[in-house]
Amino acid sequence: KTLSIYPNPNNGEFTIETESAIHLVLVNELGQLIRNFELNDQNQFRASVKDLAKGIYFISGQNAEQKVHQKIVVSH
């Protein structure tokens, strides 16, 4: 099971996709919470993110199958 985040780097808009339910958090490089995501069958295990400011972010979370910690670069 994999988590896809694309495009990365991006211009402030990206999509997160996975194959199983997972709760994710998006934080900026200072560790401040930006957004929470619940990927499940109701949203086809997909979320779209828009309007992020330029910078470096980290998305993390875990479920029974996987642990995620991925860097996202937003460059306008």
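Let me sum up the structure you'll find in this document. Predicted model only: the values in this text are computed from it and were never measured. (Residues numbered from 1 in each chain as written. Predicted model: local features only at pLDDT ≥ 70, side-chain atom pairs only at ≥ 80, totals over all residues. Heavy atoms only, no water.)

**Examining the sheet that holds strand E6 (residues 55–62)**
Read across the open sheet, the 4 strands follow the order E4-E3-E6-E7; overall the sheet is antiparallel. Every other strand in the sheet has two partners, leaving strand E4 (33–39) and strand E7 (67–74) as the edge strands with one partner each. Ignoring strand direction, the axes of neighbouring strands in this sheet form an average angle of 20 degrees. Both strand E3 (residues 22–28) and E4 contribute to a ladder of 6 bridges, which runs antiparallel. (Pairing = 2+ DSSP bridges. Helix = DSSP H or I, 4+ residues; strand = E, 2+ residues; numbered from the N terminus. Axes fitted to C-alpha atoms, helices over the stretch in contact; angles between N-to-C directions.)

**Topic: the pattern of salt bridges**
Evaluated as defined, the whole model comprises 1 salt bridge. Between Glu17 and Arg46 there is a salt bridge, with the nearest N and O atoms lying 1.9 Å from each other. Residue Glu17 is found in strand E2 (residues 14–17), and its partner Arg46 is found in strand E5 (residues 46–49); the two are separated by 29 residues along the sequence. Among the residues examined, Glu17 registers a relative accessible area of 24% and is labelled partly exposed. (Salt bridge = Lys/Arg side-chain N within 4 Å of Asp/Glu carboxyl O. Buried < 20%, exposed > 50% of the residue type's maximum accessible area, 1.4 Å probe, protein only.)

**Looking at the side chain of Thr15**
With respect to the helices and strands, the residue Thr15 is situated in strand E2. Among the residues examined, Thr15 registers a relative accessible area of 16% and is labelled buried. The contacts of Thr15, once residues within four sequence positions are left out, are Ser4, Ile5, Tyr6, Arg46 and Ala47. (Contact = heavy atoms within 4.5 Å.)

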